[in-house]
2 protein chains.
Amino acid sequence: MYQYNHPPNLRPQYSQARPQSAAYANHGSRHGHHTPQPSGGDPLLFQYFSAVDQDRSGSISVTELQAALINGNWTRFDLDTVKMLMGIFDTDNSGTIDFKGGQASVILSLVLYSNASEFSGLWKYISDWQNVFVHFDRDGSGSIEGSELQQALKSFGYNLSPTLLTLVERKYASTLATGYGPPPGITFDRFVRACVVVKTLTESFQRVDTDRDGWVQISYEQFMSMVLTAP
Amino acid sequence: MYQYNHPPNLRPQYSQARPQSAAYANHGSRHGHHTPQPSGGDPLLFQYFSAVDQDRSGSISVTELQAALINGNWTRFDLDTVKMLMGIFDTDNSGTIDFKGGQASVILSLVLYSNASEFSGLWKYISDWQNVFVHFDRDGSGSIEGSELQQALKSFGYNLSPTLLTLVERKYASTLATGYGPPPGITFDRFVRACVVVKTLTESFQRVDTDRDGWVQISYEQFMSMVLTAP
């Protein structure tokens with residue numbers, strides 16, 4: 001049952017921004033119509049950057065980014081999601097996001113924002129994800145449930161089994177599942193993390209599965225390493 | 001390189017409580033000297049329970065527990081850690097923790113609190129972990145770093161390779177690693193989660209590795225399922 005025939009593409013493909021979008025990156029939909037300038041000279045973007053850079057240090061720390069990112073239901077982004085986002089765009093490995101970064105060589109090859117500063121890359125990344133989230137949140141509930149999750153992952157090329165879909169849904173739900181009814185939904189930040197985790201794990205598996213038969217022989221060391229490198 | 005010969009035992013073995021302990025469960029060290037009554041009749045414990053049960057509903061939700069749990073550096077517990085804790089002690093699968101739960105059949109066989117109510121089980125679990133944390137935080141920094149992590153995992157029976165230790169350290173660090181210096185430390189809540197994740201993954205691997213040679217042959221479905229069932 002080898003289910004990932006198409007090369008996974010997590011690049012968001014949906015562009016209709018809706019006003020009831022899900023995160024702080026709300027403003028991003030306005031910004032989305034501009035073309036970010038190569039050296040990060042966009043004044044509106046700099047305004048956002050400054051709002052996040054609370055200690056005016058000229059760079060954004062994990063703590064500052066976490067404080068700025070809010071889901072549609074007013075919960076904060078998880079530290080793991082914030083670390084994941086920072087890790088993608090902290091191209092100079094400083095542990096912070098600068099407004100004027102160098103060429104954004106993008107980790108995980110999720111997106112390609114060449115000539116973008118670290119911050120505008122991060123900004124565009126979040127607002128693109130936001131469009132994805134709004135697109136798949138068909139019932140406009142502000143969270144992704146059941147068939148919405150399935151359709152989102154499928155659109156990225158991941159046809160997970162019902163069992164795996166339920167596991168993803170439970171793991172990334174924003175609260176505990178009860179014995180009754182369907183699992184609770186997945187908020188924006190955890191949805192992004194869930195998608196990136198599925199992508200990362202699938203790619204790790206594929207790298208080892210050289211004959212593409214859906215089976216691998218791996219050592220304990222390999223197994224643990226594959227898991228621990230996912231966000 | 002098969003490194004888990006001894007049956008892993010995550011039951012905390014260290015009992016010296018120190019005042020500068022790491023979490024809200026501080027009070028737990030005081031309580032630790034009592035024997036919790038089977039049906040949860042301990043008045044001090046009930047006082048703690050009531051403080052956490054902010055909406056006085058008689059049970060504690062994920063949100064209430066997350067609001068109550070604070071690391072030594074005043075950061076909140078991650079949602080994933082809170083969900084993990086709730087999952088262990090929500091024995092009646094209600095999605096909440098009750099003061100008078102039934103018999104605590106303990107998931108993950110991490111600890112055995114028979115005859116304890118859900119809440120007193122949770123309480124003891126956190127304060128036991130706190131003692132573990134304080135024990136291994138040799139330099140009293142309030143976080144677990146490098147050799148401290150290695151010694152903690154080793155004491156539980158997990159002799160991870162230096163590569164895996166670094167991956168654990170990076171993944172559970174409370175902030176992003178920079179290009180310079182050692183990775184940042186691991187706060188209390190993420191330390192507990194890291195230990196439980198290593199235990200869960202190792203046990204999942206061992207279940208498949210029936211001939212105990214340190215290698216397994218697994219399908220994509222199995223691989224994803226093993227990973228997604230870990231906290």
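Cut-offs applied
- Counting of residues starts from 1 at the beginning of each chain's written sequence and follows it residue by residue.
- Each chain gets a letter, beginning with A, and each ligand a number, beginning with 1, in the order they are written.
- Selection of residues for local features in this predicted model requires a pLDDT of at least 70, selection of side-chain atom pairs for listing and counting requires 80 or more, and totals for whole chains, interfaces and linings are taken over all residues.
- In computing side-chain properties, one takes all heavy atoms of the structure into account and sets aside hydrogens as well as water.
- Fitting of the copies onto one another was done by least squares over C-alpha atoms, counting residues only where both copies have pLDDT of at least 70.
- Residues are treated as being in contact if the distance between any of their heavy atoms lies within 4.5 Å.
- Numbering of helices and strands runs from the N terminus; a helix is a DSSP stretch of H or I covering at least four residues, while a strand is a stretch of E covering at least two.
- Type-normalised accessible area, obtained with a 1.4 Å probe on protein chains alone, sets the label of each residue: buried when under 20%, exposed when over 50%, and partly exposed for intermediate values.
- UniProt positions are given in the numbering used here, feature names are shortened, and annotations may be inferred rather than shown by experiment.
- Once two parts are joined, some of their accessible surface, as seen by a 1.4 Å probe, is lost; buried area is that loss totalled over both.
- The rule for a salt bridge is simple: a side-chain nitrogen of Lys or Arg has to be within 4 Å of a carboxyl oxygen of Asp or Glu.
- Any pair of N or O atoms that falls within 3.5 Å is considered a polar contact. Within protein, one atom must be able to donate a hydrogen and the other to accept it, and sequence-neighbouring residues count only if both atoms are side-chain atoms.
- The nonpolar class holds Ala, Val, Leu, Ile, Met, Phe, Trp, Tyr, Cys and Pro. Asp, Glu, Lys and Arg form the charged class, and all remaining residues, Gly among them, are polar.
- A pair of strands is labelled paired if DSSP reports no fewer than 2 bridges between them.

A. Looking closely at the relation of the copies chain A and chain B. At an RMSD of 0.0 Å, chain A and chain B line up after a rotation of 180° and a shift of 0.0 Å along the axis. When the rotation and shift are considered jointly, the pair of chain copies conforms to a two-fold rotation axis. Taking C-alpha positions as the reference, the residue of chain A nearest the rotation axis is Q217(A), at 2.1 Å. The share of interface residues of chain A whose copies in chain B are also at the interface is 100%, consistent with both copies meeting through the same surface.

B. Just the side chain of T81(A), in detail. All names here are of chain A. Checked against the element boundaries, T81 lands in helix α4 (residues 79-89). According to the relative accessible area criterion, T81 is buried, its value standing at 1%. Leaving out residues up to four positions away in the same chain, T81 has contacts with D189 and R193.

C. Representation of unusual backbone geometry. The phi angle at R56(A) is positive, at roughly 55°, despite the residue not being glycine. Here R56(A) shows up in the loop between α2 (43-52) and β1 (59-60). The exposure class assigned to R56(A) is exposed, which follows from its relative accessible area of 62%. Phi angles above zero are rare outside glycine, and R212(B) is one such case at about 55°. Along the chain, R212(B) turns up in the loop between α8 (188-208) and β3 (215-219). Overall, the relative accessible area of 45% leaves R212(B) in the partly exposed class.

D. Highlighting the UniProt feature "domain: EF-hand" (unreviewed entry) in chain A. Residue and element names in this part refer to chain A. Sites flagged by UniProt as "domain: EF-hand" (unreviewed entry) map to residues 40-75, 124-159 and 196-231. Across residues 124-159, the secondary structure splits into 64% helix and 0% strand, with the terminal C-alpha atoms separated by 27 Å. The distance separating the terminal C-alpha atoms of residues 196-231 is 7 Å; by composition the span is 61% helix and 14% strand.

E. Up close: the interface of chain A and chain B. With 55 residues of chain A at the contact, the number on the chain B side is 55 residues. Approximately 4800 Å² of surface area, both sides summed, lies buried where chain A meets chain B, with 65% of it carried by carbon and sulfur atoms. Three residues stand out in chain A for area buried against chain B, namely L176(A), Y220(A) and L228(A), and they jointly supply 17% of the buried area on that side. The interface formed by chain A and chain B holds four salt bridges in total. A salt bridge links D80(B) to R193(A), with the nearest nitrogen and oxygen atoms 3.1 Å apart. Summed over the shared surface of chain A and chain B, the result is 22 residue pairs in polar contact (both at pLDDT 80 or more). Secondary structure elements with two or more residues in the side of chain A that touches chain B: α4, α7 (162-172), α8 (188-208), β3 (215-219) and α9 (220-228) of chain A. When residues in the side of chain A that touches chain B are grouped by element, the largest group, nine residues, is from α9(A). Split into classes, the residues belonging to the side of chain A that touches chain B amount to 27 nonpolar, 17 polar and 11 charged. In terms of strand pairing, β3(A) meets β3(B) through five bridges, oriented antiparallel. Residue pairing across strands places V216(A) opposite I218(B), the latter belonging to β3(B).

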